[in-house]
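Overview (structure and organization)
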Amino acid sequence: MSTEKNTSVIAVGNQKGGVGKTTNTIQLASALSERGRLSLIIDLDMTSGATKALRAPTEGWNSSFELLTGAEDAEDTIITNEEEEVRLPPNVHLVPSSRKLAELDTFLAQNPWVVHQDLLLEPISRLRGKYDYIFLDTPPQKTKTTIPGLKAADYVILSAMPDHLAVSALGEALQDIATAQKHANSHLTLLGVIVCALPRPKTRLARELVGYVERTCMDPDGNSLKFQTEITRSVVIQEAQRSGKSIFQYQGDHQVADEYRTLAKEVEERINRLKKGRDILVQKEAQVANA
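In this text, all values refer to a predicted model and were calculated from it rather than measured experimentally.

Definitions and cut-offs
Note that residues are indexed from 1 along each chain, following the sequence as it is written. For a predicted model such as this one, the threshold for reporting local features is a pLDDT of at least 70, and the threshold for listing and counting side-chain atom pairs is 80 or more; totals across whole chains, interfaces and linings nevertheless cover every residue. Only hydrogens and water are set aside; all other atoms, that is, all heavy atoms of the structure, feed into the side-chain values. Each helix is a run of H or I in the DSSP string that is no shorter than four residues. Each strand is a run of E no shorter than two, and both are numbered from the N terminus. Relative accessibility under 20% of the residue-type maximum defines a buried residue, over 50% an exposed one, and the middle range a partly exposed one, all with a 1.4 Å probe and only protein chains included. Whether two residues are in contact is decided by their heavy atoms: any pair within 4.5 Å suffices. Under the convention used here, a 1.4 Å probe and the Shrake-Rupley method define accessible areas, while residue burial counts only the protein chains that appear. Charge convention: Lys and Arg are scored as positive, Asp and Glu as negative, and His as well as the terminal groups of each chain are ignored. Where a charge lies is defined by one atom per residue type, namely NZ (Lys), CZ (Arg), CG (Asp) and CD (Glu). When DSSP finds two or more bridges between a pair of strands, those strands are recorded as paired. Salt bridges are counted wherever a side-chain nitrogen of Lys or Arg sits within 4 Å of a carboxyl oxygen of Asp or Glu. Under the convention used throughout, the expected extent of a helix is 1.5 Å for every residue step, that is, one less than its residue count. Throughout this description, a polar contact denotes any pair of N or O atoms lying within 3.5 Å of each other; where both atoms belong to protein, one of them has to be capable of donating a hydrogen while the other can accept it, and for residues adjacent in sequence the pair is counted only when both atoms sit in side chains. With axes taken as lines fitted to C-alpha atoms, and helix axes fitted only over the stretch in contact, angles between N-to-C directions fall between 0 and 180 degrees. Angular relationships are summarised with four words: roughly parallel below 35 degrees, roughly antiparallel beyond 145, roughly perpendicular across 65 to 115, and oblique for the angles in between. Crossing handedness is read from the near helix: turned anticlockwise from the far helix by less than a right angle, it gives a left-handed crossing, and turned clockwise, a right-handed one. Just so you know the grouping, Ala, Val, Leu, Ile, Met, Phe, Trp, Tyr, Cys and Pro go in nonpolar, Asp, Glu, Lys and Arg go in charged, and all remaining residues, Gly too, go in polar.

1. Looking at the overall build of the protein chain
Tallying secondary structure elements over the protein chain gives 11 helices and six strands in all. In terms of principal-axis extent, the alpha carbons of the protein chain reach across some 60 × 55 × 40 Å. Looking at the protein chain residue by residue over its 291 residues, the buried ones come to 52%. For the protein chain, the share of sequence-separated contacts (at least 6 apart) that also reach a separation of at least 24 residues comes to 77%. Of the roughly 14,200 Å² that the protein chain leaves accessible, carbon and sulfur atoms contribute 49%. Separation of charge centres in the protein chain, based on 34 positive and 38 negative side chains, amounts to 6 Å.

This is how it looks when you write it as structure tokens:
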């Protein structure tokens, strides 16, 4: 019998599209698989970015719409590595997206007793213990799937790349996280910000983005939440996606693959530190209660 896993649910996002959100989700999950972890990606974006990048079907299969609405059990919406028609990276499973997500408003209008922000709570609860990591690939705007994602997640990872609109989008994303913490999920934690697609040497715009992230994304102790590992700009990412593979499957000895390996290690170290800190806090609270 398999041992139950200590699942971490991570929402990956930003308020702007085209900043590497889906790429980081796929490559990070794949890097973690090399560390022996089992990951699930839930594609919550109606544009189906992760689904298309992994060459999975967007029609004719169960999708994140069925998962959100409860039309199918959460386990029955998952494409695993055993599916011969979809060749996913090793130890990476997927709940694909579909155009049916556009019908979510209609579903909510027809089911007034369903609480919108709670749509993911039950399916995520069913899946906890089965995966080391569940990644929620969220849309670049506040949509009907973004809010449930932030309520169900344990952590948020933001993605940013050198772009003139990146700063304002990142600021909006930080505000969304703060609002979710206040009104829906007090345990939600910003795990960090991935700065990706960085040119070498860094341009002025790239240096400004890095500086902004280091100044504004801080933990309660005043430490920067920017991941130390930065992802270099390279066409190998696009080439891998066009072939429907992770960079580790496509060119595992590439510099960018090594950067994602280092990033995966950094992500795990942060999560382990946070979990250890929470365990110590719970123990102290129990001691006080029993005193």
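Picking up where we left off.
2. A short note on the pairing of strand β3 (residues 92-95)
The side-chain alternation of β3 yields two buried faces, one formed by Val92 and Leu94 and the other by His93 and Val95. Bridge count for strand β2 (residues 39-43) against β3 is four bridges, and the pairing is parallel. By the bridge assignment for β3, isoleucine 42 is matched with valine 95.

3. Thoughts on the pattern of salt bridges
Under the defined criterion, the tally for this structure stands at 20 salt bridges. In this structure, lysine 202 engages glutamate 230 in a salt bridge whose closest nitrogen and oxygen atoms are separated by 3.1 Å. With a gap of 28 residues between them, lysine 202 in the loop between β6 (189-195) and α8 (204-216) and glutamate 230 in the loop between α8 and α9 (235-242) connect regions that are remote in the sequence. Note on lysine 202: relative accessible area 28%, which makes it partly exposed.

4. Notes on helix α1 (residues 21-34)
For an α-helix, the turn length of 3.6 residues means that residues three or four places apart are oriented alike. Over its 14 residues, α1 runs 20 Å from end to end, which matches the ideal 20 Å to within 8%, given 1.5 Å per residue. Note on α1: the residue one or two positions beyond its end, glycine 36, has a positive phi of about 85°.

5. Digging into unusual backbone geometry
Between arginine 200 and proline 201 the backbone carries a cis peptide bond, its omega angle lying at 0°. Topologically, proline 201 is positioned in the loop between β6 and α8. The phi torsion at serine 48 lies on the positive side, around 60°, for a residue other than glycine. As for its position among the elements, serine 48 is in the loop between β2 and α2 (49-53). Backbone geometry at arginine 55 places phi at a positive 55°, although glycine is not the residue there. Relative to the assigned elements, arginine 55 resides in the loop between α2 and α3 (64-69). Judged by its relative accessible area of 44%, arginine 55 falls in the partly exposed class.

6. Looking at the side chain of threonine 77
Residue position: threonine 77 is located in the loop between α3 and β3. Polar side-chain contacts of threonine 77 include one of 2.7 Å to the backbone oxygen of alanine 74. Setting aside residues no more than four positions away along its own chain, threonine 77 makes contact with Asn62, Ser63, Glu66, Leu67, Glu72, Leu94, Val95 and Pro96.

7. With respect to the packing of helix α7 (residues 166-183) against α8
Interhelical geometry of α7 versus α8 gives an angle of 20° and a closest axis separation of 10 Å. One way to sum up the angle between α7 and α8 is to call them roughly parallel. Helix-helix and strand crossings are classified by hand; for α7 and α8 the assignment is right-handed. Mapping the contact onto sequence places Ala166, Val167, Leu170, Gly171 and Leu174 in α7 and Leu209, Tyr212, Val213 and Thr216 in α8. For the contact of α7 with α8, the per-class residue count stands at seven nonpolar, two polar and no charged.

8. So, the environment of lysine 21
Relative to the elements of secondary structure, lysine 21 occurs in helix α1. Residue classification places lysine 21 among the buried residues on the basis of a relative accessible area of 7%. Considered as a pair, lysine 21 and methionine 46 are 25 residues apart in the sequence and their alpha carbons are 14 Å apart. Beyond its immediate chain neighbours, meaning those up to four positions away, lysine 21 contacts Val12, Gly13, Asn14, Asp45, Asp137, Thr138, Pro139, Pro140 and Ser159. Side chain to side chain, lysine 21 and aspartate 137 meet in a polar contact 2.9 Å long.

9. Let's talk about the sheet that holds β3
Overall, parallel pairing links the six strands, which are arranged β3-β2-β4-β1-β5-β6 in an open sheet. Looking along the sheet, the strands with just one partner apiece sit at the ends: β3 and β6. With direction set aside, neighbouring strand axes in the sheet form an average angle of 25°. Pairing analysis gives five bridges linking strand β1 (residues 8-13) to strand β4 (residues 133-137), with the strands arranged parallel. Bridge pairing in β4 links serine 8 to tyrosine 133. On top of the sheet, α1 reaches β1, β2, β3, β4, β5 (155-160) and β6; it is set at about 170° to β4, its chief contact. Sheet strands in contact with α7 are β5 and β6, and its direction is about 170° off that of β5.

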